[in-house]
Amino acid sequence: MYRKTKLLLVVLATSFLISSSALFATSGQFNLKDIGSFHIGGRQATLSGLPVKEVIYTKGGSPMKADPNGDFEVEQMYVQYFIPADQKSKHPLLMWHGGGLTGVTWETKPDGNPGWMQYFLRAGHPVFISDAVERGRASWARFPEIFPGEPAFRTKEEAWYLFRIGPKGSYNTDPQKRSSYKGTQFPIPAFDQFCKQVVPRWYTNNQSTQAAYNILVQKVGPCVVMTHSQGGNFGFFAAIKAPDKIKAIIAIEPSGAPKPGNELDKLKNIPVLIVWGDYLDKADLWYPWRKKIVANVEAFAKDLRARGGKVEWIELPKMGIRGNEHMLMMDKNSDQIAKIVQDWMAKNGLMGF
């Protein structure tokens, strides 16, 4: 009996090692010195005068009193960090997501392949990935009692067009009837899987989100901030608030930037990389990218350069890299783009722990 049990354990262990090896053959291996998470920022909010209800929380359970009155922690941010055993960068890399999304943006891609979190960990960066106020594990708060507005939910159709995956009229409820831009690098069969990570957002919480990001920068200390889309504005303003702490800004398709003005003098000594994908000149169903978003960020970059700032502006098609839309870190060639970012960091003296 003992021999049979021992043999079974050996078989199970061998099976686990084989399956683990198959997994790591796909995603690669790296050693971590530490891994953890924390919530940061936020405040206490107190509610009173709301009606008390009787509810059943679990099927088959007994009715319980649900009293929404009392003290709550709200407007906090969730952060998870990974510290490589063989650190090669001088500073941690803070990865900030875009609107209607969470830190999952940077993790395993919708098609199952490794994302930028894994890429930059292997490159030797301590990585801090956040779920901003109101998103993911940061949690919601009641509205309108605490959040002043209702949540906005992004449809799959809006994501398809706004993120420049296909031209006007190309989205269809039936995945088999959708048509993307020719040569797109987005893994189209994984689009529905990508939309599973889309979460509600509030248009009224920018101030509390910025406050949480500012506190995060102070907690982590000297760092490099990598942003995507809506996160771009938060990154630029965090650097204006703490130019001594943020050593570089990597803005992937930022949807906004500070207006030209004297406060940009605080960014003069911070190298900035701004990266854009393809199809920017195609005015899609939802928004003309080149005329609106890119033009505003371009005005910011021009003013910062005039003040002595160091801004590198990359439009991937001009480098011969075509087919990338808004979600560059999820594209089939995402490692190629990550290498461009990594090389830029090395060139700006950010490597060498």
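Model, not experiment: these values are computed from the prediction. (Residues numbered from 1 in each chain as written. Predicted model: local features only at pLDDT ≥ 70, side-chain atom pairs only at ≥ 80, totals over all residues. Heavy atoms only, no water.)

Asks: What's the story with the overall build of the chain in this structure? I'm lost.
Replies: Counting its secondary structure elements, the chain contains 8 helices and 10 strands. Relative to the 2.2 N^0.38 estimate, which gives 20 Å for 353 residues, the radius of gyration of the chain is 23 Å and therefore close to what a compact globule would have. C-alpha atoms of the chain, sized along the principal axes, occupy 75 × 60 × 50 Å. Looking at the chain residue by residue over its 353 residues, the buried ones come to 52%. Looking at the chain alone, contacts between residues at least 24 apart form 73% of all its contacts between residues at least 6 apart. In the chain, the 44 positive side-chain charges and the 32 negative ones have mean positions that sit 4 Å from each other. (Helix = DSSP H or I, 4+ residues; strand = E, 2+ residues; numbered from the N terminus. Rg over C-alpha atoms; globule rule 2.2 N^0.38 Å. Buried < 20%, exposed > 50% of the residue type's maximum accessible area, 1.4 Å probe, protein only. Contact = heavy atoms within 4.5 Å. Lys, Arg positive; Asp, Glu negative; His and termini not counted. Charge placed at Lys NZ, Arg CZ, Asp CG, Glu CD.)

Asks: Got a minute to help me understand the nonpolar core in this structure?
Replies: The nonpolar side chains of soluble globular proteins are, as a tendency, buried together. Judged by nonpolar contacts, the single largest core of 87 residues is most densely connected at W116 and F120. Not counting residues up to four positions away in its chain, the partners in contact with W116 are M95, W106, E107, M226, I252, M329, S334, I337, A338 and V341. Counting residues in hydrophobic clusters, the runner-up holds 8 residues, among them A45, A141, I146 and F147. (Core = buried A, V, L, I, M, F, W, Y, C linked by side-chain atoms within 4.5 Å.)

Asks: Before we go on, may I ask you to explain the sheet that holds strand β8 (residues 246-252) in this structure?
Replies: Strands belonging to one sheet form pairs held by backbone hydrogen bonds; the direction of such a pair is parallel or antiparallel. In spatial order, the strands read β1-β4-β6-β5-β7-β8-β9-β10; together these 8 strands make up an open sheet with mixed pairing. For this open sheet the edge positions go to β1 (32-47) and β10 (311-315), each flanked by a neighbour on one side alone. Sheet twist, expressed as the mean angle between neighbouring strand axes with direction ignored, is 15°. Where strand β4 (residues 70-84) meets strand β6 (residues 127-131), 5 bridges bridge the pair, whose relative direction is antiparallel. When the sheet's bridge partners are listed, Q80 is paired in β6 with I129. On top of the sheet, helix α8 (residues 334-347) reaches β7 (223-228), β8, β9 (272-276) and β10; it is set at about 155° to β8, its chief contact. (Pairing = 2+ DSSP bridges. Axes fitted to C-alpha atoms, helices over the stretch in contact; angles between N-to-C directions.)

Asks: In this structure, what is going on with helix α5 (residues 206-220)? I would like to understand it.
Replies: Since the α-helix packs 3.6 residues into each turn, any two residues three or four apart lie on the same face. With 15 residues, α5 extends 21 Å between its outermost C-alpha atoms, agreeing within 8% with the 21 Å of an ideal straight helix rising 1.5 Å per residue. All buried positions along α5 are accounted for by S208, T209, Q210, A212, Y213, N214, L216 and V217. (Expected span 1.5 Å × (residues − 1).)

Asks: Please explain the packing of aromatic side chains as it appears in this structure.
Replies: Both the distance between ring centres and the angle between the ring planes are used here to describe each pair of aromatic rings. Counting across every chain of the model gives 19 aromatic pairs. Clustering of aromatic rings is evident, with ring pairs tying together W160, F163, Y171, F186, F191 and F194. Looking at R164, its charged tip hangs above the ring of W289, at a distance of 4.5 Å from the centre. Here the guanidinium or amino end of K219 rests over the ring plane of F38, the centre of that ring lying 4.9 Å away. (Phe/Tyr/Trp six-rings, centres within 6.5 Å; stacked < 30°, edge-to-face > 60°. Lys NZ or Arg CZ within 6 Å of the ring centre and 35° of its normal.)

Asks: Can you help me understand unusual backbone geometry in this one?
Replies: Note on backbone geometry: most residues besides glycine have negative phi, and most peptide bonds are trans. Geometrically, the link from F143 to P144 is a cis peptide bond, its omega value of 10° lying close to zero. Mapped onto the secondary structure, P144 falls in the loop between β6 and α3 (156-162). With a phi close to 55°, S229 is a non-glycine residue in the positive phi region. Among the structural elements, S229 can be located in the loop between β7 and α6 (231-241).

Asks: Got a minute to help me understand the pairing of strand β5 (residues 93-96) in this structure?
Replies: Each regular strand carries side chains that alternate between the two faces of the sheet. Residues L93 and M95 point to one face of β5 and L94 and W96 to the other, with burial holding for every one of them. Looking at chain direction, β5 and β6 are connected through 3 bridges and run parallel. Each residue of the ladder has a partner; that of M95, found in β6, is I129. The β-α-β motif built from β5, the intervening helix α2 (residues 116-122) and the parallel element β6 has right-handed crossover chirality. Note: β5 against β7, 4 bridges, orientation parallel. Looking across to β7, one finds that L94 is bridged to V225. (Right-handed = clockwise from strand over helix to strand, strands pointing away.)

Read these as geometric descriptors, not functional statements.
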